Amino acid sequence: MSRVMKFGGSSVADAACMRQAGELVRRALPHAPLVVLSAMGKSTDALFRAARAASNGRHSDARREVDGLAERHRASAAELFAGDVPAEVHASLAQHLGDLERILQGVELLHELSPRSLDAIAARGELLSTTLFAAYLASIGVDCDWFDARGVMRTDERFGAATPDAPALARLSREKLAARLAPGRAVVTQGYIGACADGATTTLGRGGSDYSASLFGAALASDEVQIWTDVEGVFTCDPRVVPQARSIPELSFAEAAELAAFGAKVLHPSTIQPAVEARIPVTVRHTQRPDGRFTTIRERSAATRTVTALAGRGPVTVLTLSSTRMLDASGFLARIFEVFGRLGVSVDVVSTAEVAVSVTVERDAPLETLRRELEQVARVEIRPERAIVAIVGERLRETRGIAARALGALEDIDVEMISMGANEINLSLVLDRQRERDALRRLHAAFFE
Ligand code: ADP
Ligand code: ASP
Ligand code: MG
């Protein structure tokens, strides 16, 4: 049985981090680890900037980003190999960088950045980081194999946010990957990237390496999916926003999925679903403090608390729609949601009154098209720069007075929408984005301190 170990960008950000990650892989060798890596911290951002610069004809800006990436990987290599970088490591890094330059030249010539080209560019970060890390592991005596995730991570063609084909992934993993995994050796592969049926490179969306890890875990029936990052597990709130937040020892799959969907960046929103289906525990751990606290996410949690954690997500836009014709409530809702469905806009929080409904949509939703279409059926009011604050806990449904306590804690902060999620483990509040942090701090104080 294998174990998936995913290291995020900050866990492989430089040579010192890679050494630490390497040590953790070495310790885990008896568990036949599949190591799923992100790009070196912030490399993906640099690749996005390079792509945009190239498509706008800003040649020297694109060049600067590529040089920066090249320098960063070469400097880390020099440090990892104590100045004596093997020729084949140089050659593999140079090959990925060369591919990157050629794709950027194409984008620059055409003045066009298609989602397909952007994915081909963005994927270089993971190809580079895994090349370096696998070579480093080999240099410290780990029996190790570099594996191109695109050979098994089959997806559809929605470049930029591709949907994996789980049955194809399972079949291809059995054919190409499973036999490489064995106690005593490590296989190193890329998170975030995949390929569609015609072989073009795709990505699973920003932060998608967590999702890759969980997909690989399910495909291989691993015993555990470990997410190694820069915090000691999932906290009661983002510790950057609420310094008093603390690590939660145990979470249920449902709670983790809600938290991720409502903004807890520590997990990509889709991470939990493959693990749920395969009933594989997911743990979230701190790479630099491997013996410290961590979180285990499994089917059910035995914890008895009412509120498990808070998350905040913004900016979002609120659309309030009120009926102009005297449509009955059900006809009105049907007409409105038909528009969202047709335009492919997903809505998060919904609250309804007799002939009015408010919904939240992502900031990048096509607001003008939405307005035009919705005005056929409704009066439309649009409020941008809002945030969703979510209170999550398995026992919310059994506990009275949570909403009252939450509103009490927020005092003068105006809550514009309030909604209990249909699974009854998430109470969402929508408010002015400027007040999001303040709201999270006050709610944290009320429920946890
Ligand atoms: P990685 O590069 O390892 O994927 P991310 O930056 O994507 O790491 O996620 C880790 C970060 O998520 C933490 O540094 C933390 O600030 C943030 N975060 C947001 N919400 C939470 C939470 N509830 N618990 C822990 N971390 C959180
Ligand atoms: N490197 C990708 C990103 O920065 C994927 C990941 O790190 O999870 O979005
Ligand atoms: Mg992440």
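Predicted model only: the values in this text are computed from it and were never measured. (Residues numbered from 1 in each chain as written. Chains lettered and ligands numbered in written order. Predicted model: local features only at pLDDT ≥ 70, side-chain atom pairs only at ≥ 80, totals over all residues. Heavy atoms only, no water.)

Draft legend 1. View of the site of ligand 2. In the vicinity of ligand 2, the contacting residues are Ser38, Ala39, Thr44, Glu126, Tyr192, Arg206, Gly207, Gly208 and Ser209. Arg206 places a side-chain nitrogen or oxygen 2.6 Å from an oxygen atom of ligand 2. Within the backbone of Gly207, one N or O atom sits 2.8 Å away from an oxygen atom of ligand 2. Out of a free accessible area of 260 Å², ligand 2 has 85% covered by protein chains. For the shell around ligand 2, the class distribution of residues is two nonpolar, five polar and two charged. (Near = heavy atom within 4 Å. Polar contact = N/O pair within 3.5 Å; in protein donor to acceptor, adjacent residues only side chain to side chain. Areas by Shrake-Rupley, 256 points an atom, 1.4 Å probe, with all protein chains shown as cover. Nonpolar A, V, L, I, M, F, W, Y, C, P; charged D, E, K, R; others polar.)

Draft legend 2. Layout of the environment of Glu88. By the secondary structure assignment, Glu88 is in helix α4 (residues 87-110). C-alpha separation for the pair Glu88 and Glu385, spaced 297 residues apart in sequence, amounts to 50 Å. (Helix = DSSP H or I, 4+ residues; strand = E, 2+ residues; numbered from the N terminus.)

Draft legend 3. Region of interest: the sheet that holds strand β4 (residues 154-155). An order of β4-β6-β7 is seen for the three strands of this open sheet, with the pairing classed as mixed. Each of the sheet's edge strands pairs with one partner strand only, and the pair in question is β4 and β7 (201-203). As judged from the three bridges shared by strand β6 (residues 193-196) and β7, these two strands associate in the antiparallel manner. Bridging across to β7, Ala195 finds its partner in Thr201. (Pairing = 2+ DSSP bridges.)

Draft legend 4. Representation of the pattern of salt bridges within the structure. For the structure on display, the rule yields 40 salt bridges. Here Asp238 and Arg240 are joined by a salt bridge, their closest N and O atoms 3.3 Å apart. Of the charged contacts in the structure, one is a salt bridge between Glu373 and Arg342, with a shortest N-O distance of 2.9 Å. In this pair, Glu373 is assigned in helix α12 (residues 367-374) and Arg342 in helix α11 (residues 329-343), connecting sequence segments 31 residues apart. When its relative accessible area of 23% is taken as the criterion, Glu373 is described as partly exposed. Since its relative accessible area comes to 47%, Arg342 is described here as partly exposed. (Salt bridge = Lys/Arg side-chain N within 4 Å of Asp/Glu carboxyl O. Buried < 20%, exposed > 50% of the residue type's maximum accessible area, 1.4 Å probe, protein only.)

Draft legend 5. Up close: helix α13 (residues 402-410). Buried within α13 are the following residues: Ile402, Ala406, Ala409 and Leu410. Down the axis of α13, the sector holding all buried residues measures 100°, keeping them to one side. Contacts made by the buried residues of α13 are with β15 (378-392), β16 (415-420), β17 (426-432) and α14 (436-448). Following α13 by one or two positions, Glu411 has its phi on the positive side, about 45°. (Arc of directions from axis to C-beta. Contact = heavy atoms within 4.5 Å.)

Draft legend 6. Local environment of the nonpolar core. Core analysis: the largest hydrophobic core is formed by 67 residues, its most contacted members being Leu34, Leu177, Phe216, Leu259, Leu267 and Ile297. Ranked by residue count, the leading element in this core is helix α2 (residues 43-55), at seven residues. Those residues in contact with Leu259 that sit more than four places away from it in its chain are Val234, Leu251, Ala264, Ala309, Leu310, Ala311 and Val392. Of all hydrophobic cores here, the second largest spans 32 residues; its members include Phe7, Val35, Val85 and Val142. (Core = buried A, V, L, I, M, F, W, Y, C linked by side-chain atoms within 4.5 Å.)

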